[in-house]
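Results of the structural survey
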Amino acid sequence: MSAASAWSVALAGLDGTMVEVEASVTSGLPCTVLVGLPDTALNESRDRCRAAASSLGIGWPMERLTINLTPASLPKTGSHYDLAIMAAVLCTSGKVPLQVVKQAVLVGEIGLDGRVRRVNGVLPAVLAARRAGRALVIVPMAQVAEARLITGVEVWGVASVADLMEALHGRPPEIVDVPAAAPVVVEAAHRPDLADVNGQPEGRWALEVAAAGGHHIFFQGPPGVGKTMLAERLSTLLPPLAPDEALQVSALHSLAGEPLDDLITTPPYFAPHHNATMAAMVGGGSRLAKPGAISLAHRGVLFLDEVPEYSVRVIESLRTPLESGWVSVARAQGVVRYPARFQLVMGANPCPCGMYGVGSACRCQPMQIRRYNERLSAPILDRVDIHQRLSAPRRAFVEANDERPESSAVVAQRVAEARERQRHRLAGTGWSLNAEVPGHYLRKVLAPKAGRQLLETALAKGRVSARGVDKAIRLAWTLADLAGLSEIGTEQVAAALSLNRAEWLVAA
Ligand SMILES: [Zn+2]
């Protein structure tokens, strides 16, 4: 009998655990048995490796081969165990020495022709290897750049089983096709900018306030007023990601199978279509559970345009992530958790035809309009601090001498300063943005000294709910932070009340 072990990683969400892949040959009829809680994809792994070995003429043990994955209690899924299985089998049959096999952590899929294919989640897998104190990883050649985003681990790339055999003999193949310095400059040139948005001063202002305080925002207005244009630009007003955030966001995108040549350092923007399935929205899918849109928007912006068109189930699925910043995806093999702390931007027409409020163009029945707006559930709207109505531009042409609107960089500077004030004020509370502060703390500790009468009147007249008062205080603080004030004034309270004109909905 002979046996050898190689190492790979089991991924559950962003967490990875080292998995030992042990191959042992015992006398008996030729067969290959896989044990240790493998899923269907892993059984395919065994078949792929055997087929690749025979097509390359390197042979497969002609006795009873047992491949055991430990810890056995850990569910294992995905096709990335191929490299480790192949390494263990090659080692068992004496085709490669044990030296490299026992040190390296292997992640990659093998095609029937012996080529090594890309897999999802290389970044979190390498991160897990580093955490486990491993010094060497072997990944698909095409993903060397991604693996190298994790410092402190040596990365070897293999493009084929032949490469793998060379590497396991201690002769790592030369790295090819690793992109040179990241094309960040090109990307920056194509990034949307607030300077592209002409007119729409209310929309621009609401966006700046949302960015400054981390508030969710709801834009309502007829088609073509620029809801999407504004939403796309929110992420350009947010500060760049901190190093640990960049790593987490990049790992999520790696799990979704996006090619990564550089860490994602700017807040992502994600706009799933209203036909998006639950799996596309919150995560899931067969095999390795992929993060959904809400996790791909983690630390960035999630835009839902035409929000009444989304299924009620999809909208309701946002509730828990909006509260906790996490989403749980149920799998056959257990629950996977992904981070999902995003800033929500919703867009909607004022009525099914979209023309309500535009002259007398709307032909919708009042009942239709009410039903359309009722599709937005109160628990979601409760979390949205800013409710901005957008109307069609009043001028058909922009005059040549009009000043170019402020750029994202200028606004982002004010946003950064306002955020700094919040961090300072909220130090030690566990919150860093006004949007995160719960109602009881706002009313007890951060109640405004000025403008109380305005709030009392609005509440008494039924123009705002009790929750609406909380939202107004939250927004008034953000407005004060943007104005560089250390206290809320009457002006901020009045402006805050007008930034959440929920009555516009009710009026419909
Ligand atoms: Zn209408």
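Residues numbered from 1 in each chain as written. Predicted model: local features only at pLDDT ≥ 70, side-chain atom pairs only at ≥ 80, totals over all residues.

**Description of the environment of D39**
Note the threshold: For the purposes of this entry, the term helix denotes a DSSP run of H or I that reaches at least four residues, the term strand denotes a run of E that reaches at least two, and both are numbered from the N terminus. Placing C-beta atoms from the backbone, we regard two residues as in contact once those atoms come within 7 Å.
Within the secondary structure layout, D39 lies in the loop between strand 3 (31–35) and helix 1 (40–55). Sequence separation between D39 and R425 is 386 residues; the distance between their C-alpha atoms is 51 Å. When residues no more than four places from it in sequence are discounted, the contact partners of D39 are K76, T77 and Q333.

**Things to note about the nonpolar core**
Short version of the rule: The term nonpolar core refers to a group of buried residues, namely Ala, Val, Leu, Ile, Met, Phe, Trp, Tyr and Cys, whose C-beta atoms join them within 7 Å. Partly exposed residues are those whose C-beta has more than 12 but fewer than 20 other C-beta atoms within 10 Å; 20 or more makes a residue buried and 12 or fewer makes it exposed, with C-beta atoms placed from the backbone.
Formed by 136 residues in total, the largest nonpolar core has its most connected members in V21, A87 and A88. Residues within four places of A87 in sequence aside, it is in contact with A6, V101, L106, L164 and L168.

**Points about the domain arrangement of the protein chain**
The following threshold applies: Note that domain bounds follow an automatic or database assignment of domains. Note that Gly is not counted as nonpolar here; it falls among the polar residues with everything else outside the nonpolar set of Ala, Val, Leu, Ile, Met, Phe, Trp, Tyr, Cys and Pro and the charged set of Asp, Glu, Lys and Arg.
The domains assigned to the protein chain are domain 1 (2–168) and domain 2 (187–392). Taken together, the contact between domain 1 and domain 2 spans 18 residues of the former and 18 residues of the latter. Among the elements that make up the side of domain 1 that touches domain 2, the one with the highest residue count is helix 4 (residues 122–131) (4 residues). Taken together, the residues that form the side of domain 1 that touches domain 2 break down as 11 nonpolar, 5 polar and 2 charged.

**Quick look at the packing of helix 4 against helix 10 (residues 243–255)**
Short version of the rule: For helices, the fitted line uses only the C-alpha atoms of the stretch in contact; every axis is such a line through C-alpha atoms, and the angle between N-to-C directions lies from 0 to 180 degrees. For classification, angles of less than 35 degrees are called roughly parallel, those exceeding 145 degrees roughly antiparallel, those between 65 and 115 degrees roughly perpendicular, and all remaining angles oblique.
Viewed as axis vectors pointing N to C, helix 4 and helix 10 meet at an angle of 125°, and their least axial separation amounts to 6 Å. Put simply, helix 4 runs oblique to helix 10. Contacts between helix 4 and helix 10 pair V122, L123, P124 and L127 from the former with S250, A251, S254 and L255 from the latter. Among the residues forming the contact of helix 4 with helix 10, the class breakdown is 6 nonpolar, 2 polar and no charged.

**Focus: the sheet that holds strand 11 (residues 269–270)**
The pairing of strands in a sheet happens through backbone hydrogen bonds and is either parallel or antiparallel. Rules: Note: two strands are recorded as paired if DSSP finds a minimum of 2 bridges between them.
The parallel open sheet is built from 5 strands, whose spatial order is 11-14-17-10-18. Among the strands making up the open sheet, the edge pair consists of strand 11 and strand 18 (384–389). With 2 bridges connecting them, strand 11 and strand 14 (residues 301–304) associate as parallel partners. Residue pairing across strands places F270 opposite L302, the latter belonging to strand 14. Strands strand 10 (216–220) and strand 18 of the sheet are contacted by helix 8 (residues 201–213), whose axis makes an angle of about 170° with strand 18.

**Examining the pairing of strand 1 (residues 2–12)**
The element strand 1 is extensively covered by neighbouring structure, given that 8 of its 11 residues are classed as buried. Where strand 1 meets strand 2 (residues 15–26), 11 bridges bridge the pair, whose relative direction is antiparallel. Pairing of V9 across the sheet is with M18, part of strand 2. The turn linking strand 1 back onto strand 2 is made up of 2 residues, and G13 within it adopts a positive phi angle of 65°.

**Comments concerning the pairing of strand 18**
Of all 6 residues that make up strand 18, 5 are buried, and the element is covered over most of its length. Two strands pair when backbone bridges link them, and strand 10 and strand 18 are joined in this way by 5 bridges, in the parallel orientation. When the sheet's bridge partners are listed, F218 is paired in strand 18 with H387.

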